[in-house]
Number of protein chains: 2
Amino acid sequence: MSEIVNVAVDAMGGDNAPDEVVKGALQAVRHNGQVKVTLVGRQDVIREAMDRVGGGEPYPSDRVEICHASEVIETAEPPVHAIQTKKDSSIVRGMMLVKEGKCDAFVTAGSSGATLVGGQVLVGRIKGIERPPLAPVMPTAKGPVLLIDCGANVDARASQLVQFAQMGSIYMENIVGVKKPRVAILNIGAEEEKGNALVKETFPLLKECDTINFIGSIEARDVPAGAADVVVCEAFAGNVVLKMYEGVAATLLGEIKSAMMSSLRSKIGAILVKPALKSMLKKFDIATYGGAPLLGLNGLVVKNHGNAKAIEIEHAIEQCVAFKEQKINEQFRTKMKLVDRTKARAAQ
Amino acid sequence: MSEIVNVAVDAMGGDNAPDEVVKGALQAVRHNGQVKVTLVGRQDVIREAMDRVGGGEPYPSDRVEICHASEVIETAEPPVHAIQTKKDSSIVRGMMLVKEGKCDAFVTAGSSGATLVGGQVLVGRIKGIERPPLAPVMPTAKGPVLLIDCGANVDARASQLVQFAQMGSIYMENIVGVKKPRVAILNIGAEEEKGNALVKETFPLLKECDTINFIGSIEARDVPAGAADVVVCEAFAGNVVLKMYEGVAATLLGEIKSAMMSSLRSKIGAILVKPALKSMLKKFDIATYGGAPLLGLNGLVVKNHGNAKAIEIEHAIEQCVAFKEQKINEQFRTKMKLVDRTKARAAQ
């Protein structure tokens, strides 16, 4: 029998907490016999949500636990301070469950800042990993692309980008199932001599790296077209890619919708094209891909969108199962030739 | 009578040169009595193109000149080397016409790299301007936005971004006609403490700057929605914004098109919604806004898209007329409290 994967879930995090989060967690438990969830947050609130969203349907109660946490970190709170002072918050408690080995992973739709800080400070990095990148999978015309890093480490160094490339490649191959993923570095032109100082320094290092399938530079324009499977970038630029994706799509689709509603003729046309458009848009639905993993930690933290619904929480939990089954962290340790810098320094 | 504006036009630059370029130039001359164009490039090629695209229609020949240039700088050529060695190229000749005061501006759809380098090296900067930014106007749901810098100066400094903000604001107010343009800095979160080192250093400087209407940070997601009129950013991030805009729109529209062609039902629907969609897409047509000006030079250089058509060349030429009429460079000099660093250093 396959091993049980115990996922701590932040029942208080996100715009739709606790109901959608609890619902997603229960769905995951119902649909996958390997999943155990530990709902973290205020016990009374979680119990009430379970009654509301459980729908009277049975669920295997031996695979659903509650870990009480009395506090909540709000989105607007300065993250470092929040992590330090709100010891009984759902984010801190959930991360400590991973840290202490009681859970395999932590899923949250709560404060991004606190999640990134907590991941580093509480869960901690794998020895030799310099910085943990946030790596969402995004839809493209040709299938999914992993964008690494999209917000965790601004002003990163070249050696860190090389690690991102390696982690992203392993993740994409084993979790998303893309064989020999094409790894590209985000750049402002296709030629090797183009780019800012960071890209120019990183490019030759990626070229030398024999554990990845490096295909060179990619312009942002070619990301949505699916020209690479893993796009390596510094967090500021990665965040711009991610947010532009959302922003342009939202604006365009909004404009198309109102254009279609602008006359009787176009309204009738809209009814006729709707089914075709719907199935096309499903392909671009970010919810399919679960959350964004924060990679390189002793365990796993998955960050869902603030407005995540039950289905996204469920997918994020499924992601944690695959992550454990594929032994991703062990692969990072063995394939990446990690150097423990603390030890290296001490030995000098 | 209004003053004549003499615009040098690179007849050899871009995917559709010389025909579309020459056509756009002749249209500009026909439609606007203030415009004089100097077509730069191989004389025989230009004359042939004029015969082909002139359509037998008359044009005021006193306002069309040819400046012969025997060479062409190709897109893939290393720009610095090309500018240095191809002295008789259309880009070098065109820029020299501006430098020598024979023309007011230079419009090209040719090599971006050579245009950026040539602008700095040949045309030269206004005294006190640290770096000339490339500043395209892009469509949003609420009207145009100026993105400054989108590719000229990677790894820029905070003081340079402040100049970009000031130049962008003056340009947007006087050329595009937006009163008290809302200036925002591109960031990865709305809060003041967010951002990379450059943004954190620039933010307070923009806040203090009393010649602009600074509204704080903008996330990339809100750019297409039209949340600011001028978006200040370092060139790498700006390039990502621009290219993601193009890439996401192209991918989405391509997918929508094929979805609409996927069944008889949707095909009929497509015919019905087409007029409404067409007029919506017109709003998002980048051609409306002409080219991207390279600001802060002793004169003006406007960079058109490589695949620019006649209408875009015409708009770019019109832009040069407005630029001269509104005395934008004089406004930069008087309103920006420019410090001539060479003189400042010499005085010490």
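Cut-offs and rules
- Residues numbered from 1 in each chain as written.
- Chains lettered and ligands numbered in written order.
- Predicted model: local features only at pLDDT ≥ 70, side-chain atom pairs only at ≥ 80, totals over all residues.
- Heavy atoms only, no water.
- Helix = DSSP H or I, 4+ residues; strand = E, 2+ residues; numbered from the N terminus.
- Contact = heavy atoms within 4.5 Å.
- Pairing = 2+ DSSP bridges.
- Axes fitted to C-alpha atoms, helices over the stretch in contact; angles between N-to-C directions.
- Buried area = accessible area lost by both parts, 1.4 Å probe.
- Salt bridge = Lys/Arg side-chain N within 4 Å of Asp/Glu carboxyl O.
- Polar contact = N/O pair within 3.5 Å; in protein donor to acceptor, adjacent residues only side chain to side chain.
- Nonpolar A, V, L, I, M, F, W, Y, C, P; charged D, E, K, R; others polar.
- Disulfide = S-S within 2.5 Å.
- Buried < 20%, exposed > 50% of the residue type's maximum accessible area, 1.4 Å probe, protein only.
- 1 Å grid on protein atoms, 1.4 Å probe; cavity = no way out; pocket = protein on both sides within 12 Å on 5 of 7 lines; lining within 4 Å.
- Points joined across faces, edges and corners; volume = space filled by probe spheres on them.
- Parallel < 35°, antiparallel > 145°, perpendicular 65-115°, else oblique.
- Left-handed = near helix turned anticlockwise from the far one by under 90°.
- Least-squares fit on C-alpha atoms with pLDDT ≥ 70 in both.
- Expected span 1.5 Å × (residues − 1).

Brief notes about the environment of B:Gly290
All names here are of chain B.
Item 1. Mapped onto the elements of the fold, Gly 290 is located in the loop between helix 9 (264-283) and strand 10 (292-294).
Item 2. Sequence separation of Gly 290 and Arg 333 is 43 residues, and the distance between their C-alpha atoms is 24 Å.
Item 3. Aside from chain neighbours lying at most four places away, what touches Gly 290 is Asn 304, Glu 312, His 315, Ala 316 and Gln 319.

Observations concerning the sheet that holds strand 1 (residues 5-10) of chain B
Residue and element names in this part refer to chain B.
Item 1. Spatial strand order, 3-2-1-4-11-10: six strands in an open sheet with mixed pairing. With partners counted over all chains shown, the strands left at the sheet margins are strand 3 (64-68) and strand 10, one partner each. Pairwise comparison of adjacent strand axes, ignoring direction, gives a mean angle of 25 degrees for this sheet.
Item 2. Relative to strand 4 (residues 105-108), strand 1 runs parallel, the two sharing three bridges.

Re the interface of chain B and chain A
Item 1. At the interface, 49 residues of chain B touch 49 residues of chain A.
Item 2. Both sides together, the interface formed by chain B and chain A hides about 4700 Å², and carbon and sulfur atoms give 74% of it.
Item 3. Summed over the three residues of chain B that lose the most area to chain A, namely B:Ile188, B:Phe236 and B:Met244, the buried surface amounts to 15% of that side.
Item 4. Put simply, chain B and chain A have four salt bridges between them.
Item 5. Linking A:Glu219 and B:Lys243 is a salt bridge whose minimum nitrogen-to-oxygen distance equals 2.3 Å.
Item 6. Across the contact surface, chain B and chain A share ten residue pairs in polar contact (both at pLDDT 80 or more).
Item 7. When contributions to the side of chain B that touches chain A are tallied by element, the ones reaching two or more residues are strand 7 (182-187), helix 7 (197-208), helix 8 (235-260) and helix 9 of chain B.
Item 8. No other element matches helix 8 of chain B, which puts 19 residues into the side of chain B that touches chain A.
Item 9. When the residues that make up the side of chain B that touches chain A are grouped by side-chain class, the tally is 32 nonpolar, nine polar and eight charged.

Overview of the state of the cysteines
Residues and elements named next belong to chain B.
Item 1. Scanning all chains against the criterion turns up zero disulfides over all chains.
Item 2. The closest cysteine sulfur to the non-disulfide-bonded Cys 209 is located on Cys 233, 17 Å from its own sulfur.
Item 3. Look at Cys 209 and you get buried, because its relative accessible area is 13%.

Quick word on the sheet that holds strand 7 of chain B
Residue and element names in this part refer to chain B.
Item 1. Strands sit in the order 5-6-9-7-8 across an open sheet of five strands; the sheet is mixed. Across the chains shown, the open sheet's two edge strands, defined by having one partner strand only, are strand 5 (137-140) and strand 8 (213-219). Looking at each pair of strands side by side, their axes are set apart by 30 degrees on average, direction ignored.
Item 2. Strand direction decides the pairing type here: strand 7 and strand 9 (residues 230-232), joined by three bridges, are parallel. In the strand pairing of strand 9, Ala 184 is matched with Val 231.
Item 3. Those strands touched by helix 6 (residues 158-176) are strand 5, strand 6 (143-148), strand 7 and strand 9, and its axis lies near 150 degrees from that of strand 6.
Item 4. The sheet strands contacting helix 8 are strand 5, strand 6 and strand 7, and the helix crosses strand 5 at an angle near 50 degrees.

So, empty space enclosed by the protein
Item 1. Enumeration over the complete set of coordinates arrives at one cavity of 30 Å³ or more.
Item 2. Considered as a void within the structure, the largest cavity measures approximately 30 Å³ in volume.
Item 3. When the residues that make up the lining of the largest cavity are grouped by side-chain class, the tally is four nonpolar, four polar and one charged.

Quick notes on the packing of helix 6 (residues 158-176) of chain A against helix 11 (residues 328-335) of chain A
Residues and elements named next belong to chain A.
Item 1. Viewed as axis vectors pointing N to C, helix 6 and helix 11 meet at an angle of 140 degrees, and their least axial separation amounts to 10 Å. Comparing the axis directions of helix 6 and helix 11 gives the class oblique. In terms of crossing hand, the pair formed by helix 6 and helix 11 is right-handed. Contacts between helix 6 and helix 11 involve Met 167, Ile 170, Asn 174 and Ile 175 on the former and, on the latter, Ile 328, Gln 331, Phe 332 and Lys 335.

Focus on the relation of the copies chain B and chain A
Item 1. Placing chain B over chain A gives an RMSD of 0.0 Å and needs a rotation angle of 180 degrees, together with 0.0 Å of translation along the axis. Interpreted geometrically, this transformation is the action of a two-fold axis. Residue B:Gly269 of chain B places its C-alpha closer to the rotation axis than any other residue of that unit, at 1.9 Å.
Item 2. In this assembly the copies share their binding face: 100% of the residues contributing to the interface of chain B also contribute to that of chain A.

Brief notes about helix 10 (residues 310-325) of chain A
Residues and elements named next belong to chain A.
Item 1. With 16 residues, helix 10 ought to run about 22 Å at 1.5 Å a step, and its terminal C-alpha atoms sit 23 Å apart, in line with that.
Item 2. Among the residues making up helix 10, those that are buried are Ala 310, Glu 312, Ile 313, Glu 314, Ala 316, Ile 317, Gln 319, Cys 320, Val 321 and Phe 323.
Item 3. Positive phi appears at Lys 327, one or two residues downstream of helix 10, with a value of about 50 degrees.

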